[in-house]
Amino acid sequence: MENRILLPTDFSKNSWNAIQYAIKLFEDKKCTFYILHAYSKETHGLDNLTLLDPDEAFNKLSELRSRQGLGDILIQLSRFKNNENHEFHVVSESTLLLDAVKNLNEKLHFKMIVMGAKGITNKKGESYGRQTLDILKQIRKCPILVVPAKVDFNHPKEIVLTTNFNTKIKSSEIKYLVEIAKLSNANIQVLSLTQPNKLSFSQKRNKVFIRSQLKGVEYKFNTLRNVKMAIALSCFVEIRASNMISYVDKKPSFWERLGFGKLSLSKLGYYANVPVLALHAK
């Protein structure tokens, strides 16, 4: 299967950083990258021209900005060292970003989506952007790597996989975590809050499944007690200087899809210096 990677962009520094991170992460892998920009009437930065003739002016101006922005990205990429493993396509869509990602993913079946933690319209602060959270909530057919703006690329040497073993990870997705570990010669640290002797039958079964999927890479199971996962993970990552976090993104409940309650990523806290890979549960 061809390695197709989707790179959404809103032309912010954060999305450009995510594009560079993906290219460097898969530098030794044959990949086709699709750089997507979507524009709609929610797009940031409409000027007074759009108020004269809202529909026509918006469409013409936004299409022009989109194509120019994607062209600028291709020019920037041309300045990189030529990599025969990589091929690039740009896509401009007049629709909401979420709809554009859904439609493209249905057609091209991406191996992974790599995107910034927040876009140009998001306020400063310790939180992930609305567009990022929407895509995590709605797109469940491939893993999603979220890259904060402050991340400087280094091949990850340690990846933390956090799980309570309550849900089974899709084997099609955990293999990408293993692939990243192999590409970077990284070890995987599985972090849980549940003591081994207190695991239920289904939890033990899911733990055995994870162990079977991690063959071929160095890994270790770790357990922390009497602390919330966000705190445990933050301390674990900081002390060990881990380079990537991965978690099992359980399917949102009905209320979470309506915006009530926190999604899995939000429960883990915000990481300004560490990319986070969402793996989906069955």
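Residues numbered from 1 in each chain as written. Predicted model: local features only at pLDDT ≥ 70, side-chain atom pairs only at ≥ 80, totals over all residues. Heavy atoms only, no water.

Participant: Which parts of the structure should I look at to understand the pattern of salt bridges?
Facilitator: Opposite charge on two side chains makes pairing possible when the charged atoms of those side chains draw close. In this structure the tally under the stated criterion is seven salt bridges. As a salt-bridge pair, Asp249 and Arg140 come within 3.1 Å of each other at their nearest N and O atoms. Note that Asp249 is positioned in strand β9 (residues 244-249) and Arg140 in the loop between α5 (130-138) and β5 (144-147), a separation of 109 residues in sequence. Residues Asp249 and Arg140 agree in their burial class; the two are buried. Connected through shared salt-bridge partners, Lys29, Lys111 and Glu179 make up one network. (Salt bridge = Lys/Arg side-chain N within 4 Å of Asp/Glu carboxyl O. Helix = DSSP H or I, 4+ residues; strand = E, 2+ residues; numbered from the N terminus. Buried < 20%, exposed > 50% of the residue type's maximum accessible area, 1.4 Å probe, protein only.)

Participant: What should I look at first to understand the side chain of His280 in this one?
Facilitator: Summarising the element assignment, His280 is placed in strand β10 (residues 276-280). The class for His280 is buried, based on a relative accessible area of 0%. A distance of 3.2 Å separates a polar side-chain atom of His280 from the backbone oxygen of Ile139. The residues contacting His280, other than those within four sequence positions of it, are Leu136, Ile139, Arg140, Cys142, Pro143, Ile144, Lys168, Ile169, Lys170, Glu173 and Asp249. (Polar contact = N/O pair within 3.5 Å; in protein donor to acceptor, adjacent residues only side chain to side chain. Contact = heavy atoms within 4.5 Å.)

Participant: Which parts of the structure should I look at to understand the packing of helix α6 (residues 171-184) against helix α7 (residues 201-213)?
Facilitator: Each pair of packed helices can be described by the angle between their axes along with the distance between the axes. Running from N to C, α6 and α7 point in directions that differ by 50°, and their axes come no closer than 10 Å. Relative to α7, α6 is oriented oblique. α7 is crossed by α6, and the crossing has right-handed handedness. Contact with α6, carried on its side by Ser171, Ile174 and Val178, involves Phe209, Ile210 and Gln213 of α7 and no other residues of that element. (Axes fitted to C-alpha atoms, helices over the stretch in contact; angles between N-to-C directions. Parallel < 35°, antiparallel > 145°, perpendicular 65-115°, else oblique. Left-handed = near helix turned anticlockwise from the far one by under 90°.)

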